[in-house]
Protein chains: 2
Amino acid sequence: MPTSTAAQKRAQAKDEYDSFLAQCPSRQLLDRISDKWVALILAALGSDGPHPGDGYVGEPRSMRYSELSRRLAGVSQKMLTQTLRALERDGLITRTVTPTVPVTVTYGPTDLGLSLQQVMWGVKVWAEAHMDEVLANRKEYDNRVS
Amino acid sequence: MPTSTAAQKRAQAKDEYDSFLAQCPSRQLLDRISDKWVALILAALGSDGPHPGDGYVGEPRSMRYSELSRRLAGVSQKMLTQTLRALERDGLITRTVTPTVPVTVTYGPTDLGLSLQQVMWGVKVWAEAHMDEVLANRKEYDNRVS
DNA sequence: CAGGATCCCGCTAGATACTG
DNA sequence: CAGTATCTAGCGGGATCCTG
């Protein structure tokens, strides 16, 4: 009888690899930015166009909670709050409370957040240049197997 | 009585925005590359280093199913097959079947897949340059609220 | 060797209701 | 206005067993 079974060895290798993955900076970043609302919030706070992603030019602007809520139609209060907290925790946006009555809260991008946006810009450029090709490949593939 | 209630209007706006989101090229791309294994498979097929992500230089190489399975320790058969199928469908990798006995199947990157890798390279660079800062922010934030 | 088919479980997004 | 609290259903993903 071996000191450890093959199954145990496999499980251990898996755990080691998983923790390696969890600590990989790229993996951590992907986990964060792939969140449904992160990119949109960053884009909204990073440019002052009428829609997020309209253009990269333009001053970064701060927005109030309710303003973000309107801009990102379809986001639930829960997810908006949750996402904003996460971004603030990571130092990607700032949260400013002004003690008026009722209270006013504004969110704005940090330098770190703005630099992250530039990476996402690269993603946007590739997507707009090649996603139609990907979609075409997808259709063709589906036709072949059907 | 209005022809539509406020709740109905909100629901409609949400649906419209959701479908807009679903069709956004950047969103589609993020959904694909944020998959746990996509980046790793692409990296593995795009460079011949001992580990995925070791270096961007080096020839793209083709790998067999079992080779990928070993390289990406911890991936389940189901997810590996599922991910490979999705990437092939999108035209990002090729799947080649050689009718030996038993059958031999190799996967390799396409030009499109290689170009996508360059975008992910940008992500990797940002992550390695700034994730420690993000992590530090996170720690500090947690101390403030504790 | 390279998968396909199934069962099952944990997580998480969403809806709803309430509050300083 | 800007959130918090709770409850629940759906599904992504792992484990397991089977096959040409």
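One structure accompanies this document, and this report is about it.

Rules behind the numbers
- Residues numbered from 1 in each chain as written.
- Chains lettered and ligands numbered in written order.
- Predicted model: local features only at pLDDT ≥ 70, side-chain atom pairs only at ≥ 80, totals over all residues.
- Heavy atoms only, no water.
- Least-squares fit on C-alpha atoms with pLDDT ≥ 70 in both.
- Contact = heavy atoms within 4.5 Å.
- Phe/Tyr/Trp six-rings, centres within 6.5 Å; stacked < 30°, edge-to-face > 60°.
- Helix = DSSP H or I, 4+ residues; strand = E, 2+ residues; numbered from the N terminus.
- Axes fitted to C-alpha atoms, helices over the stretch in contact; angles between N-to-C directions.
- Parallel < 35°, antiparallel > 145°, perpendicular 65-115°, else oblique.
- Nonpolar A, V, L, I, M, F, W, Y, C, P; charged D, E, K, R; others polar.
- Buried area = accessible area lost by both parts, 1.4 Å probe.
- Salt bridge = Lys/Arg side-chain N within 4 Å of Asp/Glu carboxyl O.
- Polar contact = N/O pair within 3.5 Å; in protein donor to acceptor, adjacent residues only side chain to side chain.
- Pairing = 2+ DSSP bridges.
- Near = heavy atom within 4 Å.

Things to note about the relation of the copies chain B and chain A
Step number 1: Between the two copies, chain B and chain A, the superposition gives an RMSD of 0.1 Å; the rotation angle is 180 degrees and the shift along the axis is 0.0 Å. Such a turn and shift between the copies fits a two-fold axis. Residue B:S34 of chain B places its C-alpha closer to the rotation axis than any other residue of that unit, at 2.9 Å.
Step number 2: Counting the interface residues of chain B, we find that 100% of their copies in chain A are interface residues as well, pointing to one common contact surface.

Points about the packing of aromatic side chains
Aromatic ring pairs are reported here in terms of the distance separating the ring centres and the angle at which the planes meet.
All names here are of chain A.
Step number 1: Scanning the entire structure with this criterion turns up two aromatic pairs over all chains.
Step number 2: Pairing Y17 with F20 gives two aromatic rings, centres 5.6 Å apart and planes at 45 degrees, and the pair type is tilted. Within this pair, Y17 and its partner F20 are both found in helix α1 (residues 6–23), separated by three residues, close to a single helical turn.

Digging into the packing of helix α5 (residues 77–89) of chain A against helix α6 (residues 111–145) of chain B
Packed helices, taken two at a time, are described by the angle their axes make and the gap between the axes.
Step number 1: Closest axis-to-axis distance for the α5(A)/α6(B) pair is 8 Å, and the angle between their directions is 110 degrees. Taken together, the axes of α5(A) and α6(B) are roughly perpendicular relative to one another. Note on element contacts: α6(B) touches α5(A) through B:N137, B:R138, B:Y141 and B:D142, opposite A:R85, A:E88 and A:R89.
Step number 2: Of the residues in the contact of α5(A) with α6(B), the class split is one nonpolar, one polar and five charged.

Regarding the interface of chain B and chain A
Step number 1: At the junction of the two partners, chain B supplies 49 residues and chain A supplies 49 residues.
Step number 2: Three residues stand out in chain B for area buried against chain A, namely B:Y17, B:R89 and B:W126, and they jointly supply 17% of the buried area on that side.
Step number 3: Of the charged contacts in the structure, one is a salt bridge between B:D90 and A:R138, with a shortest N-O distance of 2.6 Å.
Step number 4: There are 14 residue pairs in polar contact (both at pLDDT 80 or more) connecting chain B and chain A.
Step number 5: Of the residues assigned to the side of chain B that touches chain A, the class counts are 24 nonpolar, nine polar and 16 charged.

Section: the sheet that holds strand β1 (residues 63–64) of chain B
Residue and element names in this part refer to chain B.
Step number 1: One open sheet accounts for three strands, arranged β1-β3-β2; its pairing is antiparallel. Whereas interior strands pair on both sides, the edge strands pair on one side only; in this sheet they are β1 and β2 (93–98).
Step number 2: Bridge count for β1 against strand β3 (residues 104–109) is two bridges, and the pairing is antiparallel. The partner of R64 across the bridge, within β3, is T106.
Step number 3: Contacts from helix α5 (residues 77–89) reach β2 and β3 within the one sheet, and its direction differs from that of β2 by about 110 degrees.

Some words on the protein's contact with DNA strand D
Step number 1: Taken together, 17 residues surround DNA strand D, and among them A:S66, A:R95, A:Y107, B:K78 and B:M79 come closest.
Step number 2: Within 4 Å of the protein, atoms of DNA strand D come from sugar and phosphate in 67% of cases.
Step number 3: Take A:R64: an N or O atom from its side chain is 3.1 Å from a phosphate oxygen of DNA strand D.
Step number 4: In the model, a base oxygen of DNA strand D is placed 3.3 Å from a nitrogen or oxygen of the A:Q77 side chain.
Step number 5: Sorting the residues of the surface near DNA strand D by element identifies α4 (65–71), α5 and β3 (104–109) of chain A together with α5 of chain B as the ones contributing at least two each.
Step number 6: When grouped by side-chain class, the residues that make up the surface near DNA strand D number six nonpolar, five polar and six charged.

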